[in-house]
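# Structural characterization, general
These are the residues of each chain, in order.
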Amino acid sequence: MRIGSVPIRVSLATACLALTWFAIASSSTLEARAEPVSSACSSASGKPVDSAHVGSSTCLPIPRFVSLRADAVNLRVGPGDQYPIAWVYHRAGLPVEVLREFDVWRLVVDADGTEGWMHEATLVDTRHFVIKGKSPVTLFRSASDQANPAARLMPGVIGLIQRCDAGANWCHVRVGHVGGWLGRSAFWGSFPGEAIPAK
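Residues numbered from 1 in each chain as written. Predicted model: local features only at pLDDT ≥ 70, side-chain atom pairs only at ≥ 80, totals over all residues. Heavy atoms only, no water.

So, about the pairing of strand S13 (residues 170-175). What you see with S13 is a clean split: Cys171, Val173 and Val175 sit on the buried side and Trp170, His172 and Arg174 on the side with no burial. Sheet topology note: the strand S12 (residues 158-164)/S13 ladder contains 4 bridges and is antiparallel. Looking at S13, one finds that Ile161 is bridged to Val173. Here S12 folds back onto S13, and the loop between the two strands holds 5 residues, one of which, Gly167, carries a positive phi near 80°. Across 6 bridges, the pairing between S13 and strand S14 (residues 178-183) is antiparallel. Directly across from Val173, in S14, lies its bridge partner Gly180. Between the antiparallel neighbours S13 and S14 lie 2 residues, among them Gly176 with a positive phi of about 65°. (Buried < 20%, exposed > 50% of the residue type's maximum accessible area, 1.4 Å probe, protein only. Helix = DSSP H or I, 4+ residues; strand = E, 2+ residues; numbered from the N terminus. Pairing = 2+ DSSP bridges.)

Next up on the list: the state of the cysteines. For the coordinates displayed, the defined rule picks out 1 disulfide. Each disulfide pairs two cysteine sulfurs, and for Cys164 the partner residue is Cys171, the sulfurs being separated by 1.9 Å. In this structure, the disulfide formed by Cys164 and Cys171 twists by about 115° around the S-S bond and is classed as right-handed. (Disulfide = S-S within 2.5 Å.)

Moving on, we come to the nonpolar core. Of all hydrophobic cores here, the largest spans 18 residues; its most connected members are Leu68, Tyr89, Val108, Met118 and Leu123. By residue number, the principal contributor to this core is strand S2 (residues 64-68), which donates 3 residues. The next biggest cluster of nonpolar side chains, apart from the first, holds 14 residues, and it includes Val137, Ile161, Val173 and Ala186. (Core = buried A, V, L, I, M, F, W, Y, C linked by side-chain atoms within 4.5 Å.)

A word on the packing of aromatic side chains. As enumerated under the stated definition, the model contains 4 aromatic pairs in all. For the pair Phe65 and Phe191, a centre-to-centre distance of 4.6 Å together with 45° between the ring planes defines the contact as tilted. Placement of the pair is Phe65 in strand S2 and Phe191 in the segment after strand S15 (187-188), with a sequence separation of 126 residues. Phe65 gets classed as buried once you look at its relative accessible area, which sits at 6%. These aromatic residues form a ring-pair network of at least three members: Phe65, Trp188 and Phe191. (Phe/Tyr/Trp six-rings, centres within 6.5 Å; stacked < 30°, edge-to-face > 60°.)

Moving on: the environment of Pro84. Mapped onto the elements of the fold, Pro84 is located in the loop between strand S3 (73-76) and strand S4 (85-89). Residue class for Pro84 comes out buried when judged on its relative accessible area of 17%. Sequence separation of Pro84 and Asn74 is 10 residues, and the distance between their C-alpha atoms is 9.6 Å.

Here it is as structure tokens:
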């Protein structure tokens, strides 16, 4: 199921050329950056952190979830405005997972598994979720499937994650003016057992 995105037709030759160009251009840059990452990013104790799990530009965790800032966000085949646009997303708040960083560009994957590059300016750290699958799910008034229902959420609905406790199977969320509890298995936008502090 494609959620709020429009394909842009790109010839195979153009896409292959762009990807080849990126592979050649970025290999030396990435090698040059490999050393500074671990020294620039430090933990609270002042010790360098594992560079494999932090972004080379932000020192934030990799992978991590972010959301689309606007109703029109381009997904490109490479990290730069010179690369072709593969998709245009028309869903502000749609969650995407950041897999890599390259300067101001983020390699992301959406709920359907589509990967590409987005500019950091088009993304926000606010945590949202999207309902996947083909059937509606129930938003409950408390963290139990025996609780009273607050709403039925259709596939494709986007909402705000307000809190997830570490190791918990339930998250407190909001869709519009309706708040409630949603099982993690019912949505895409958090890692299993991930703690998301209350905002």
